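The lines below spell out each chain.
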Amino acid sequence: MYQFTEDCLIGINEIDEEHRTLFQMINEAFDLLSDRSNAQMVLKNLLPNLKDYAATHFAHEEAYMKKINDPELPRQEKEHAQFTEKVNSYNFDTLSEENAFSAAEEILTFLVRWLYGHILGSDIMIGKISAKETPTFAFTDNYKTGIELIDNEHRRLFEIIDEVNTLIHEELLFDKYDEIMRLLSELKDYTEFHFEDEEAYMEQIKYPSLDIQRRAHSAFVERLVGINLTELDDMDEHQQDYLMELLSFLQNWLINHILKSDKLIGEYARSLSASEK
């Protein structure tokens, strides 16, 4: 059973309810697969319904983002299109009963993993970034968890993002995009390093929401890995706008994650210390 947990809530009722329904549909399909003889029925009936509902949901989500002028809309449209292309690439017409079970299990696993990753890596930011907002790349006391290791690593992440921002606005520096790409690569590597440290700390204190944190971390790393900086060569005068939107997303995701999730680690750690006194 795949749970639609609190960390998947983005705070927009219509979208949250549609996400919840998608999870329910996937779970119903998995329940039917507990009897392998139901595999053909899952492929022929439930999966087409699931695809149709996902398409309707994407349309609603994109319409909402267009209405609020969300700068992440083009990225969302691209991810939705890639999902649709992947799902449509499956052909189940000539499968034997045994192969039907394997195929149904494979596509349902893909669906639920994609859904978790997309919600936690993309949808969680719907309405969080304003197209008119100028991001500030400073690590303030508001973001502190009270755990020195985590706070120091968060500060370094903000510093790398600020270094990229400074380079973007450096008008006199030639060949700056090679350096920007180097820094973004460093950001990805340091983010993965930080998440490993953070998860090890949570394991050490037996933090109850470790699995939820791991899912969010994995979704963000996938977003970082999926950034295609070769697109910059085709953007000419739009390179700076693209990079600023990218930086705004990365920092806003990080801020949202720190305030919504990481600060709870600090609260839990302090409650443990208080109970030991």
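Note: the structure precedes this text.
Residues numbered from 1 in each chain as written. Predicted model: local features only at pLDDT ≥ 70, side-chain atom pairs only at ≥ 80, totals over all residues. Heavy atoms only, no water.

### Considerations on the packing of aromatic side chains
Then, number 1: According to the stated counting rule, one finds 13 aromatic pairs in the structure shown.
Then, number 2: Aromatic side chains F4 and F23 sit 5.6 Å apart centroid to centroid with 65° between the ring planes, which places their arrangement in the edge-to-face category. Of this pair, F4 sits in the segment before α1 (13-33) while F23 sits in helix α1, and the two are 19 residues apart along the sequence. Across the pair, F23 and F4 agree in class, each one buried.
Then, number 3: Ring centres of F139 and F158 lie 5.4 Å apart, and the angle between their planes is 70°; this geometry places the pair in the edge-to-face category. You can see F139 sitting in the loop between α4 (97-121) and α5 (148-168) and its partner F158 sitting in helix α5, a full 19 residues away along the chain. The same class applies to F139 and to F158, which are both buried.
Then, number 4: An aromatic cluster of at least three residues, connected via ring pairs, comprises F58, F83, F110 and W114.
Then, number 5: The ring centre of Y116 lies 4.4 Å from the NZ or CZ of R215, which sits over that ring.
Then, number 6: The side chain of R223 reaches across the aromatic face of F249, ending 4.3 Å from its centre. (Phe/Tyr/Trp six-rings, centres within 6.5 Å; stacked < 30°, edge-to-face > 60°. Helix = DSSP H or I, 4+ residues; strand = E, 2+ residues; numbered from the N terminus. Buried < 20%, exposed > 50% of the residue type's maximum accessible area, 1.4 Å probe, protein only. Lys NZ or Arg CZ within 6 Å of the ring centre and 35° of its normal.)

### Thoughts on the nonpolar core
Then, number 1: With 71 residues, the main nonpolar core has L47, L108, L111, L184 and L250 as its most contacted residues.
Then, number 2: At the level of elements, α1, α2 (39-67), α3 (73-88), α4, α5, α6 (176-204), α7 (210-225) and α8 (239-276) are the ones that each hand at least two residues to this core.
Then, number 3: Ignoring sequence-local partners within four residues, the contact set of L108 consists of I26, A29, F30, L33, V42, L47 and L50.
Then, number 4: Formed by 9 residues, the second largest nonpolar core is a distinct cluster that contains I147, L210, I265 and A269. (Core = buried A, V, L, I, M, F, W, Y, C linked by side-chain atoms within 4.5 Å. Contact = heavy atoms within 4.5 Å.)

### Quick word on α2
Then, number 1: When the terminal C-alpha atoms of α2 are compared, their 40 Å separation across 29 residues agrees well with the 42 Å that a helix rising 1.5 Å per residue should span.
Then, number 2: The axis of α2 is deflected most strongly, by about 35°, at L46, and proline P48 appears within four residues downstream.
Then, number 3: Inspection of α2 places A39, V42, L43, L47, L50, A54, H57, F58, E61 and M65 among the buried residues, and these make up the whole buried set.
Then, number 4: Contact partners of the buried residues in α2: α1, α3 and α4.
Then, number 5: N69 sits one or two positions beyond α2 and adopts a positive phi of about 60°. (Expected span 1.5 Å × (residues − 1). Bend = angle between axes of the 7 residues up to and from the residue.)

### Considering the environment of S102
Then, number 1: Position of S102 relative to the elements: it lies in helix α4.
Then, number 2: Distance in space between the C-alpha atoms of S102 and L33 is 9.9 Å, their sequence separation being 69 residues.

### Thoughts on the packing of α6 against α7
Then, number 1: Running from N to C, α6 and α7 cross one another at 175°; their axes reach a closest spacing of 11 Å. Compared by their axis directions, α6 and α7 come out roughly antiparallel. Listed contacts from α7 to K188, T191, E192, F195, E198, E199, M202 and E203 of α6 are L210, Q213, R214, H217, F220, V221, L224 and V225.
Then, number 2: Of the residues assigned to the contact of α6 with α7, the class counts are 7 nonpolar, 3 polar and 6 charged. (Axes fitted to C-alpha atoms, helices over the stretch in contact; angles between N-to-C directions. Parallel < 35°, antiparallel > 145°, perpendicular 65-115°, else oblique. Nonpolar A, V, L, I, M, F, W, Y, C, P; charged D, E, K, R; others polar.)

### Thoughts on the layout of surface pockets
Then, number 1: If you add up the space inside the largest pocket, you get close to 700 Å³.
Then, number 2: Around the largest pocket, the lining comprises 26 residues; the ones closest to its centre are R75, E79, Q82, R223 and G226.
Then, number 3: When contributions to the lining of the largest pocket are tallied by element, the ones reaching two or more residues are α3, α4, α7 and α8.
Then, number 4: For the lining of the largest pocket, the per-class residue count stands at 10 nonpolar, 7 polar and 9 charged. (1 Å grid on protein atoms, 1.4 Å probe; cavity = no way out; pocket = protein on both sides within 12 Å on 5 of 7 lines; lining within 4 Å. Points joined across faces, edges and corners; volume = space filled by probe spheres on them.)

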